[in-house]
Amino acid sequence: MPNFGVEKGINRMTTNKHIALWTCPRSRSTLMTRAFEQLDGCLIFDEPFYAPYLLKHGFNHPHRQEIIESTESNYEKVIQQITGSLPNSASFSFQKHIAKHALPEFSRDWLKSLHNVFLIRDPKEIVLSWYKVLGNVTFHDIGIADLYTIFQDVKALTGNSPLVIDSTEFVRNPKDILKRLCANLEVTFSEKMLSWEPELKDSNLSLSSFAPSWYSTVRNSSGFLPYEEKAINIPDDLIPIVEDCLPFYEKLYQEV
């Protein structure tokens, strides 16, 4: 594997200069994005399709209008942004994408312009985490069927199976997983990825209108915490949603 960049230098990617992390909400993707944000020359795109998604579905997000007004809401223009030229200050982009935001009525050919990675999490944990934040959850809210569809699309378009990472393994062994991911992406791993300033200081994530409500754990952190196993007690009325999600999760988990 060639080594692009050095520990204290800027990573220089000659191919696949746009990295796309595809996932479901509440899957620790913000934590991974925060780690990559520490790398020199990394430009962050945080859920760039959110505004077009809100316009399409009318989801009653508490910051709906602010998101639509402050970020690009034209779907095709978003694609141009995340696949096009980078500013001189950036060597590559790291894009956090929630799979359900990628509207199915548009072509997926642009996926070939990205280096696609998938982050998955046990649906029991996702459903419970969403429920604790919003108090209501549906199968569509999780979007794991969309995640599996995009995985299949990437596989068909590129002829290769993209890397799949389990988020529990990620928080158990962050350094090992980040090293593996960086090797896959031909980006130089740095110890800087393991810690950061609290309160999202100097972070593009802090520009997100939904940062206060959705990113509280990462916002209050300054690095990875030791993993703690926690009991997962799912309310009875949420069990059918978990059961609907499980087949897609299990198919993706086979790729880990």
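For clarity, every value in this text was computed on a predicted model and none was experimentally measured.

Draft legend 1. Broad picture of the side chain of His97. Tracing the backbone through its elements, the reader meets His97 in strand E3 (residues 92-98). Within the local environment of His97, its side chain forms a polar contact with the side chain of Gln95, the two groups lying 2.8 Å apart. Those residues in contact with His97 that sit more than four places away from it in its chain are Ala20, Leu21, Trp22, Thr23, Pro48, Phe49 and Ile82.

Draft legend 2. Quick peek at the side chain of His18. Counting through the fold element by element, His18 comes out in strand E1 (residues 18-23). Its relative accessible area of 1% is what places His18 among the buried residues. Separated by 3.2 Å, the side chain of His18 and the backbone oxygen of Ile82 make a polar contact. Look past the residues within four positions of His18 in its chain and what remains in contact with it is Gln81, Ile82, Thr83, Gly84, Leu86, Ser93, Gln95, Ser113, Leu114 and His115.

Draft legend 3. Examining the packing of aromatic side chains more closely. Applying the stated rule across the entire model yields twelve aromatic pairs. Taking the centre distance of 4.6 Å and the plane angle of 25° together, the rings of Phe49 and Tyr75 count as stacked. Separated by 26 residues along the polypeptide, Phe49 in the loop between strand E2 (42-46) and helix H2 (50-57) and Tyr75 in helix H4 (residues 75-83) bring together distant segments of the chain. Here Phe49 and Tyr75 have matching classes, each one buried. An aromatic cluster is present here, built from Trp22, Phe49, Tyr75, Phe106 and Trp110 joined pairwise through their rings.

Draft legend 4. Structural view of the pattern of salt bridges. Enumeration according to the criterion identifies twelve salt bridges in this entry. Lys96 serves as the salt-bridge partner of Asp46, at 3.0 Å between the closest nitrogen and oxygen. With Asp46 in strand E2 and Lys96 in strand E3, this residue pair connects regions lying 50 residues apart in the sequence. The two residues Asp46 and Lys96 agree in class, both being buried. One salt bridge in this structure joins Lys56 and Glu105, with 3.4 Å as the shortest N-O distance. In this pair, Lys56 sits in helix H2 while Glu105 sits in the loop between E3 and strand E4 (115-120), placing the two residues 49 residues apart along the sequence. Bridged by salt links that share partners, the residues Arg28, Arg121 and Glu125 form one connected network.

About the thresholds
- Residues numbered from 1 in each chain as written.
- Predicted model: local features only at pLDDT ≥ 70, side-chain atom pairs only at ≥ 80, totals over all residues.
- Heavy atoms only, no water.
- Helix = DSSP H or I, 4+ residues; strand = E, 2+ residues; numbered from the N terminus.
- Polar contact = N/O pair within 3.5 Å; in protein donor to acceptor, adjacent residues only side chain to side chain.
- Contact = heavy atoms within 4.5 Å.
- Buried < 20%, exposed > 50% of the residue type's maximum accessible area, 1.4 Å probe, protein only.
- Phe/Tyr/Trp six-rings, centres within 6.5 Å; stacked < 30°, edge-to-face > 60°.
- Salt bridge = Lys/Arg side-chain N within 4 Å of Asp/Glu carboxyl O.

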